[in-house]
Amino acid sequence: MHIYKTIKNFLLDQDYFIDLWQKNIHIYGFSKIEILQENRALFIIREFKLEILGQDFRVLKLTKNEILLQGIIKEMRFL
């Protein structure tokens, strides 16, 4: 269990991080959700905006600065 805690502490010590796997995207460290629709999402992160385009988006988990989305991700852009 020590390795798990070490990795978790390392990741949560970052300003932000974005994980992408299969049909999921996990975003940690955003300050605001500007748009959250079935086919488009726009997040404000400290230095940039992250736009995600796709289809069938649904929120699996959401906290103040962390979200887990599921859906078909077709494109991601840093604005």
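Here is what the cut-offs are and how they apply
- Each chain carries its own residue numbering, running from 1 in the direction its sequence is written.
- Per-residue local features are limited, in this predicted model, to residues with pLDDT of at least 70; the limit for side-chain atom pairs, both in listing and counting, is 80 or more; totals at the level of whole chains, interfaces and linings are taken over all residues.
- Excluding hydrogens and water, the side-chain figures rest on all heavy atoms present in the structure.
- DSSP-based pairing: two strands are paired if at least 2 bridges between them are found.
- A run of DSSP states H or I qualifies as a helix once it reaches four residues; a run of E qualifies as a strand once it reaches two. Both are numbered from the N-terminal end.
- Residues enter patches when they are more than 30% accessible in relative terms and free of salt bridges; like-charged ones are connected within 9 Å and nonpolar ones (Val, Leu, Ile, Met, Phe, Trp, Tyr) within 5 Å.
- Each accessible area is a Shrake-Rupley result for a 1.4 Å probe, and residues are judged covered by the shown protein chains and nothing else.
- The term salt bridge refers to a side-chain nitrogen of Lys or Arg lying within 4 Å of a carboxyl oxygen of Asp or Glu.
- In summary, the pairing rule links any two rings of Phe, Tyr or Trp, Trp by its six-membered ring, whose centres are within 6.5 Å, and it sorts them by plane angle into stacked for under 30 degrees, edge-to-face for over 60 and tilted for everything else.
- Think of it in three bands: with a 1.4 Å probe and only protein chains considered, a residue is buried below 20% of the maximum accessible area for its type, exposed above 50%, and partly exposed in between.
- Any two residues having at least one pair of non-hydrogen atoms within 4.5 Å are treated as being in contact.
- Every axis in this analysis is a line fitted to C-alpha atoms, fitted for helices over the stretch in contact. Angles between the N-to-C directions lie between 0 and 180 degrees.

**Q** So, the pairing of strand 5 (residues 48-62): which residues are in play, and what are the values?
**A** Pairing of strand 4 (residues 40-45) with strand 5, which is carried by six bridges, proceeds in the antiparallel orientation. Its bridge partner being in strand 5, Arg40 is matched across the sheet by Leu53. Where strand 4 folds back on strand 5, the antiparallel hairpin that results is connected by two residues. Summarising the sheet, strand 5 and strand 6 (residues 66-78) pair through ten bridges and their orientation is antiparallel. Its bridge partner being in strand 6, Leu53 is matched across the sheet by Glu75.

**Q** Requested: an account of a nonpolar patch on the surface, with residues and values cited.
**A** A contiguous nonpolar surface patch, about 240 Å² in accessible area, is contributed by Leu36, Val59 and Leu62. Within the fold, Leu62 resides in strand 5.

**Q** Quick one: what's the story with the packing of aromatic side chains, residue by residue and with numbers?
**A** Tallying each qualifying case throughout the model produces four aromatic pairs. Ring plane angle 80° and centroid distance 5.2 Å describe the contact between Tyr16 and Phe48, whose orientation is recorded as edge-to-face. Of this pair, Tyr16 sits in the loop between helix 1 (2-12) and strand 1 (17-21) while Phe48 sits in strand 5, and the two are 32 residues apart along the sequence. An angle of 25° between the planes, with centres 5.1 Å apart, marks the rings of Phe17 and Tyr28 as stacked. Note that Phe17 is positioned in strand 1 and Tyr28 in strand 2 (residues 24-28), a separation of eleven residues in sequence. Each member of the pair, Phe17 as well as Tyr28, is classed as buried.

**Q** Give me the side chain of Asn24: which residues, what numbers.
**A** Here Asn24 lies in strand 2. Beyond its immediate chain neighbours, meaning those up to four positions away, Asn24 contacts Asp19, Leu60, Leu68, Leu69, Gln70 and Ile73.

**Q** Describe the sheet that holds strand 2, listing the residues and the values that go with them.
**A** Here six strands make up an open sheet; going across it, the order is 1-2-6-5-4-3 and the pairing antiparallel. The open sheet has two edge strands with one neighbour each: strand 1 and strand 3 (30-36). The mean angle between the axes of side-by-side strands here comes to 40°, regardless of whether they run parallel or antiparallel. Bridge count between strand 3 and strand 4: five bridges; the pairing is antiparallel. Across the sheet, residue Ile33 finds its bridge partner in strand 4, namely Phe43.

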